[in-house]
Amino acid sequence: MSTAQTGSSKSSEAWRNWAGNVVSRPVREVTPASVEELTAAVRRAAEDGLKVKAVGTGHSFTAAAATDGVLIRPQLLTGIRTLDRANGTVTVEAGTPLKRLNLALAREGLSLTNMGDIMEQTVSGATSTGTHGTGRESASIAAQIKGLELVTASGELITCSEKENPEIFAAARIGLGALGIVTAITFAVEPIFLLTAREEPMTFDKVTSTFDELHAENEHFEFYWFPHTGNCNTKRNNRSAGPEAPVSALSSLWEDEILSNGLFQAVNSLGRAVPATIPAIAKVSSKALSARTYTDIPYKVFTSPRRVRFVEMEYAVPREALVETLRELKSMVDRSNLRISFPVEVRTAPADDIALSTASGRDSAYIAVHMYKGTPYQRYFTAAESIFTAHEGRPHWGKVHTRDAAYFAAAYPRFGEFTELRDRLDPDRLFANGYLRRVLGD
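In what follows, the accompanying structure is described. Note that the structure is predicted; figures quoted are calculated from it, not measured. (Residues numbered from 1 in each chain as written. Predicted model: local features only at pLDDT ≥ 70, side-chain atom pairs only at ≥ 80, totals over all residues. Heavy atoms only, no water.)

## Some words on the overall build of the chain
Within the chain one finds 14 helices and 21 strands. Whereas a compact globule of 442 residues would reach a radius of gyration of roughly 22 Å, the chain reaches 21 Å, a difference of no more than 12%. Dimensions along the principal axes, computed over C-alpha positions, put the chain at roughly 60 × 50 × 45 Å. Here the chain holds 442 residues, and the buried ones make up 59% of them. In the chain, of all internal contacts separated by at least 6 residues, the share reaching a separation of at least 24 is 73%. For the chain, the exposed surface amounts to about 17800 Å²; the carbon and sulfur share of it is 52%. Positive and negative side-chain charges of the chain, numbering 49 and 51 respectively, have mean locations separated by a distance of 6 Å. (Helix = DSSP H or I, 4+ residues; strand = E, 2+ residues; numbered from the N terminus. Rg over C-alpha atoms; globule rule 2.2 N^0.38 Å. Buried < 20%, exposed > 50% of the residue type's maximum accessible area, 1.4 Å probe, protein only. Contact = heavy atoms within 4.5 Å. Areas by Shrake-Rupley, 256 points an atom, 1.4 Å probe, with all protein chains shown as cover. Lys, Arg positive; Asp, Glu negative; His and termini not counted. Charge placed at Lys NZ, Arg CZ, Asp CG, Glu CD.)

## Details of the packing of helix α10 (residues 322-335) against helix α11 (residues 378-390)
It is at 10 Å that the axes of α10 and α11 come closest, and there the two elements cross at 150 degrees. Looking at the two axes, α10 sits roughly antiparallel to α11. Here α10 and α11 pass one another in a crossing that is right-handed. Residues Thr 325, Glu 328, Leu 329, Met 332 and Val 333 of α10 lie in contact with α11, whose contacting residues are Tyr 380, Ala 383, Ala 384, Ile 387 and Phe 388. Across the contact of α10 with α11, the residue classes tally to 8 nonpolar, 1 polar and 1 charged. (Axes fitted to C-alpha atoms, helices over the stretch in contact; angles between N-to-C directions. Parallel < 35°, antiparallel > 145°, perpendicular 65-115°, else oblique. Left-handed = near helix turned anticlockwise from the far one by under 90°. Nonpolar A, V, L, I, M, F, W, Y, C, P; charged D, E, K, R; others polar.)

## Regarding the sheet that holds strand β19 (residues 344-349)
The strands making up a sheet associate through hydrogen bonds between their backbones, and the pairing can be parallel or antiparallel. Strand order in the open sheet made by the 8 strands is β17-β14-β16-β15-β19-β20-β18-β21, with antiparallel pairing throughout. Both outer strands of the open sheet, β17 (292-296) and β21 (394-395), are each paired with one neighbouring strand and no more. Alignment of strand β15 (residues 220-225) against strand β16 (residues 231-240), held across 6 bridges, turns out to be antiparallel. If you follow Trp 225 over to β16, its bridge partner there is Cys 232. Set on the sheet, α10 makes contact with β15, β18 (310-318), β19 and β20 (364-372); between it and β20 the angle comes to about 20 degrees. (Pairing = 2+ DSSP bridges.)

## Let's talk about the nonpolar core
Membership of the largest hydrophobic core comes to 57 residues, with the highest contact counts inside it found for Leu 101, Ile 168, Leu 179, Phe 187, Leu 356, Trp 397 and Leu 440. Beyond its immediate stretch of four places on either side in the chain, Phe 187 contacts Gly 88, Thr 89, Val 90, Val 92, Leu 101, Leu 112, Val 123, Thr 127, Ile 141, Gln 144, Ile 145 and Lys 146. If you look at the next biggest cluster of nonpolar residues, it comprises 44 residues, including Phe 204, Leu 329, Ile 340 and Ile 387. (Core = buried A, V, L, I, M, F, W, Y, C linked by side-chain atoms within 4.5 Å.)

## Things to note about the environment of Asp 428
With respect to the helices, strands and loops of the structure, Asp 428 is situated in the loop between α13 (415-425) and α14 (434-440). Its relative accessible area of 68% is what places Asp 428 among the exposed residues. When the C-alpha atoms of Asp 428 and Asp 442 are compared, they prove to be 10.0 Å apart, with 14 residues separating the residues in sequence.

## Topic: the sheet that holds strand β11 (residues 157-160)
What the 5 strands build is an open sheet, ordered β7-β8-β12-β10-β11; its pairing is antiparallel. Two strands lie at the open edges of the sheet, namely β7 (80-84) and β11, each paired on one side alone. Sheet twist, expressed as the mean angle between neighbouring strand axes with direction ignored, is 10 degrees. Alignment of strand β10 (residues 145-151) against β11, held across 4 bridges, turns out to be antiparallel. Bridged to Val 151 within β11 is Leu 157. Sheet contacts for helix α2 (residues 98-107): β7, β8 (89-93) and β12 (181-188); angle to β8, the most-contacted strand, approximately 145 degrees.

## Remarks on the pattern of salt bridges
Enumeration over the complete set of coordinates arrives at 24 salt bridges. Between Lys 330 and Asp 334 there is a salt bridge, and its shortest N-O distance comes to 2.9 Å. Taken as a pair, Lys 330 and Asp 334 lie in helix α10 at a separation of 4 residues, close to a single helical turn. Look at Asp 334 and you get partly exposed, because its relative accessible area is 44%. Of the charged contacts in the structure, one is a salt bridge between Glu 345 and Arg 347, with a shortest N-O distance of 3.5 Å. When its relative accessible area of 4% is taken as the criterion, Arg 347 is described as buried. Three or more residues are tied together by salt bridges with common partners; here these are Glu 312, Glu 314, Glu 345, Arg 347 and Lys 399. (Salt bridge = Lys/Arg side-chain N within 4 Å of Asp/Glu carboxyl O.)

## Description of the environment of Phe 381
For Phe 381, the position within the fold is in helix α11. Distance from Phe 381 to His 370, taken between C-alpha atoms, is 8.4 Å for residues 11 residues apart in sequence. Look past the residues within four positions of Phe 381 in its chain and what remains in contact with it is Val 311, Glu 312, Met 313, Val 369, His 370, Met 371 and Val 400.

## Re α11
Taking 1.5 Å of rise per residue, 13 residues should cover 18 Å, and α11 covers 18 Å from first to last C-alpha, within 8% of that figure. Buried within α11 we find Tyr 380, Phe 381, Ala 384, Glu 385, Ile 387 and Phe 388. Burial along α11 is one-sided: seen end-on, the buried residues are contained in an arc of 160 degrees. Counted as exposed and oriented over 90 degrees from the buried face of α11: Arg 379, Thr 382 and Ala 390. (Expected span 1.5 Å × (residues − 1). Arc of directions from axis to C-beta.)

## Structural notes on the side chain of Ser 364
Within the secondary structure, Ser 364 sits in strand β20. Residue class for Ser 364 comes out buried when judged on its relative accessible area of 0%. Here the side chain of Ser 364 touches Arg 362 through a polar contact of 3.0 Å, landing on its backbone oxygen. (Polar contact = N/O pair within 3.5 Å; in protein donor to acceptor, adjacent residues only side chain to side chain.)

## A word on unusual backbone geometry
Cis geometry marks the peptide bond from Gly 242 to Pro 243; its omega dihedral reads 5 degrees. Within the secondary structure, Pro 243 sits in the loop between β16 and α7 (249-273). Positioned with a positive phi, Asn 165 is a non-glycine residue whose angle comes to about 50 degrees. Within the secondary structure layout, Asn 165 lies in the loop between β11 and α4 (166-172). The class of Asn 165 is partly exposed, set by a relative accessible area of 30%. Positive phi, close to 75 degrees, is recorded for His 228, a residue that is not glycine. Exposure remark for His 228: the relative accessible area of 14% places this residue in the buried category.

Dropping the structure here:
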C-alpha cells in the first residue's frame, strides 16, 4: 500500500466488471476527493508512462474501462453542484449514481425526462457508453446533457456545451472515455410528473404486426419476447394527470422481487445446470407476470430492480427495420438447438445529434439479447450479431460485440469527426486501452 498526494491511491488488485466477464489488473487505483486531485492523478500517470481509465460501477459488459495502468474511481466525486430552476438544469459530479440523482431531484420536485431501466450506474459511466431507455420523442440520457466538464490528457480542465467548445460537446456526451475523464455533467430537468404504466402480456405475432401503432400511440413503449415461446410482455408508459396510484407493497414484493428476481434467479440456475429444461421453463415464465396498471413518479416507473446477473449484447437498428430483424432472430432461435432462458428486450429512441450515439442521425430500435451469468453465450450472440449487422446495426458501446473501427467508420457518418477530435485531445493515447484500439483504431 502506498499513499500519493493526489487523493487516495493504492496498489491494485484485479478489477472485475458487474457481470464478471471482464478482468483487468491496474498498476494502481486512485480515488480522488476533488477535481484538483483527479487532475493531478492524470498528470502523474502521464509522467509515469501509464495509461488512465475511469470506472463507475462496472455495468459495461465490454472492456471499456479496463486498464493495466491507473484506474480512477470517482466515488468521492458525487452530489449536486448546482440546481438552476430558471434554466431547468442540474449540474452533478461525475461519480454520482443515477439512483442518488433521481432521489435528490424528486425531493426537489424535479426529474429527468427519460431514463434507462436500471439506476445503479454513475452518471458519467452511463452517459459515456450511451445508456438509454425507450421513447417516442425523448432520447437517451446523454441527449439530455446540456454541459460537460472534463480533464484532458494534458491535465487541462475544460467545459463544453452547445455554445462553448461545441465540437467537443458534440462528441463528448458519448465519449467512451476516449476524450478525457468527465468530472461533472449538466442535465436538463423538468418539474416532476406522473407516468401511468400499463403492463400486459401480448403474443409475439400481435406485437410485431402492430408495432408501428403501439410505438406511435405511446410516449414510451417496450416489450420483452421470451425465446422458445410466442409470448411477450409489453409496457406502455404515458404521462398522466393522476392521481398517483403506485404499485402496492404486496404486488411489488410478489412481482418485482419474488417473481422477477428470486424465482427468476432460481429458474435460470436450473436452466444453466439442465439446459433441456429451458423451453418448458420459458413457457411458464412468459405467463408468470399478470397485467397491471399503476401511476407514479418517473424513476419509479422507468426503473426496476435487477439482481439476476447476466451478459448482454444490444444493437440499434433503423426503427423501420425492427420487425424484420426481430422475426429473423426468432426464426434463428426456433431453428437452432440454442437454449435461452432470458427474454429479448426491445426499445426505441428518436434520432439525436451526438456523434457516436447509436441513434445518431436516425430513429432507432434496440434489440437486446441476454444470457445468464456463467452460461456460454458466444454461439447465441454470434448468430444474433450476424442478423443485427445485416440490418446496419450499431452495437451499444457498453455491451458485448465484436465490431471494429472499420465497421464503425461505415456505420457512423460522424465517426471521422470523433477520431479527429480524439487525435487533438489525446494524441499520445493516455486514455487508450485494448477496447478503444479495436473500436476507434490506434
